[in-house]
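# Summary of the model geometry
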Amino acid sequence: DPFFEIRSRSNSHEPRMRQANMVLEAITDVIRAQTGDSANNVYPPTAYFAALLSFLERDREADPAMVAAIMFLLATVIKQIKDAVLRSRYERVTALLFRVLSNHSEDVVACRWGIECSVYALTALQSKHWAGKGIGPKSVRQLFRALVIFSTDLRPRIRKSAQVVVASVLESSMTRTKTGWPPKAMVVTLQEVVGTDLMNCTPKDCQQAMFACGLLQRIIHFLPYPVARTIMNKLFSLAAKATPVLLIQAMRTAEAFFEPSEIKTDNMDQKTKLMADVVDTVLAIRPHRADTDTSIAYLRAIVKGVKSLTEASVLSGSGRIASAIMAISPLLLSPRAQVITGSTQAIQAIVSGCITPQSLISLTSSRALGGVSKLDEIAEAVEALLNMKYKTAWGNSFAIAAELFKVVDLREHKCVGKVVIALDSLQQGGLSPKERKS
């Protein structure tokens, strides 16, 4: 019996359960009359599924509590329906689910169960079901668009449920297309809805953009690179002028993008370029050093970004190590101890995680041409760090230099010599040799 647990609570004092059992009993009576089997009280899931759909089709002006009960029962039984059955009735199912979400958008219960049903209806589809000249069949496209809109809903439970469903549908669809990316209909819908949310926001009114960040943090890996680039550019352009809360969410979105992905792509150059663009965008932002939450989110995004970029392309990642150190260094003067510690640990992580025996070849390659190598730039950045004379963080500065010495061959005396002089200066109380002499 697919409804065993619901039937077992038929005497519950909870109104939702009583309503669900009343509807279930009515549906069972209808099935019993259709089959002529008066002795049976339990029928296959497909029988209940068909009956529930029929109820939704007939009762266009049904009481909201009745619709909520039907959707609750449908969400229970649809899990047991095979994908082949759902595909055979996909237009009818998606049209009914869209109608429920549209007509009962203010009913939290009906919406929540409608969203849960949608994940089964849409993940069962194959790529051909989305193919209607690039925009998809109307009912499928409308349902997916409704889910994306609910992903930025004001109600937290509805918003989070829709975000999970959209991510699941995107991930499922990628395994069924030749390109390895979601169908065009999905991408176009996401670009339109999320892009509109970001465009309509202002620096003072950016609530929708914050909700959009929650969705992007789940789906950014599933978007084709040109689309992801466009959306990230819009997000950071807004975040740079908006409240610290949106900037934090933007940093978390970037951090999610830098997370290792199991998605394989043939176009690594395009992926690396996008990662480099996002890293450069993050490095260009300057959070207020007294704002702990924003600074910590900023540090996490930089560390994750530079490390991921170095793993993808040693040349591209190593070229941004010095820039990352210089971008972080102002935070070492923060009045917040947590920010100072976080900044020190971030620089240590970048130096130890990105400078490896393999990357040293790339870091010193330009020196052979008579130029300044990337390693020289990193050493100069650490030297500048040590010469800042930030007394509250002097102890931490030794740890930063120690990381550099661990990974750099001491034969690279030209680059580490300046760091040694700076360390000697700190040992003497933060004075340079010239200052001590005078």
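Source: prediction; values computed, not measured.

### Remarks on the overall build of the protein
- On a plain count of helices and strands, the protein comes out with 24 helices and 0 strands.
- The buried share of the protein, reckoned over its 438 residues, is 50%.
- Once local pairs closer than 6 in sequence are excluded, the contacts in the protein between residues at least 24 apart make up 69%.
- Looking at the protein as shown, the accessible area adds up to about 20800 Å², and 53% of this sits on carbon and sulfur atoms.

### Quick word on the nonpolar core
- In this structure, Leu-74 and Phe-144 are the most contacted members of the largest nonpolar core, which totals 143 residues.
- Here Phe-144 is in contact with Leu-122, Trp-130, Val-166, Val-169, Leu-170, Met-186, Thr-189 and Leu-190, once residues within four sequence places are set aside.

### Thoughts on the environment of Arg-9
- Tracing the sequence through the fold places Arg-9 in the loop between helix H1 (4–8) and helix H2 (15–35).
- Given a relative accessible area of 38%, Arg-9 falls into the partly exposed group.
- The spatial distance from the C-alpha of Arg-9 to the C-alpha of Asn-21 is 8.2 Å, given a sequence separation of 12 residues.
- Apart from the residues lying within four places of it in its own chain, the contact partners of Arg-9 are Glu-14, Met-17 and Asn-21.

### A few points about the packing of helix H16 (residues 292–312) against helix H19 (residues 337–354)
- With their axes 10 Å apart at the nearest point, H16 and H19 run at an angle of 0° to one another. In terms of orientation, H16 lies roughly parallel with respect to H19. Contacts between H16 and H19 involve Thr-292, Ser-295, Ile-296, Leu-299, Ile-302, Val-303, Val-306, Lys-307 and Thr-310 from the first element and Gln-338, Val-339, Gly-342, Ser-343, Ala-346, Ala-349, Ile-350, Gly-353 and Cys-354 from the second.

Thresholds applied
- Residues numbered from 1 in each chain as written.
- Predicted model: local features only at pLDDT ≥ 70, side-chain atom pairs only at ≥ 80, totals over all residues.
- Heavy atoms only, no water.
- Helix = DSSP H or I, 4+ residues; strand = E, 2+ residues; numbered from the N terminus.
- Buried < 20%, exposed > 50% of the residue type's maximum accessible area, 1.4 Å probe, protein only.
- Contact = heavy atoms within 4.5 Å.
- Areas by Shrake-Rupley, 256 points an atom, 1.4 Å probe, with all protein chains shown as cover.
- Core = buried A, V, L, I, M, F, W, Y, C linked by side-chain atoms within 4.5 Å.
- Axes fitted to C-alpha atoms, helices over the stretch in contact; angles between N-to-C directions.
- Parallel < 35°, antiparallel > 145°, perpendicular 65-115°, else oblique.

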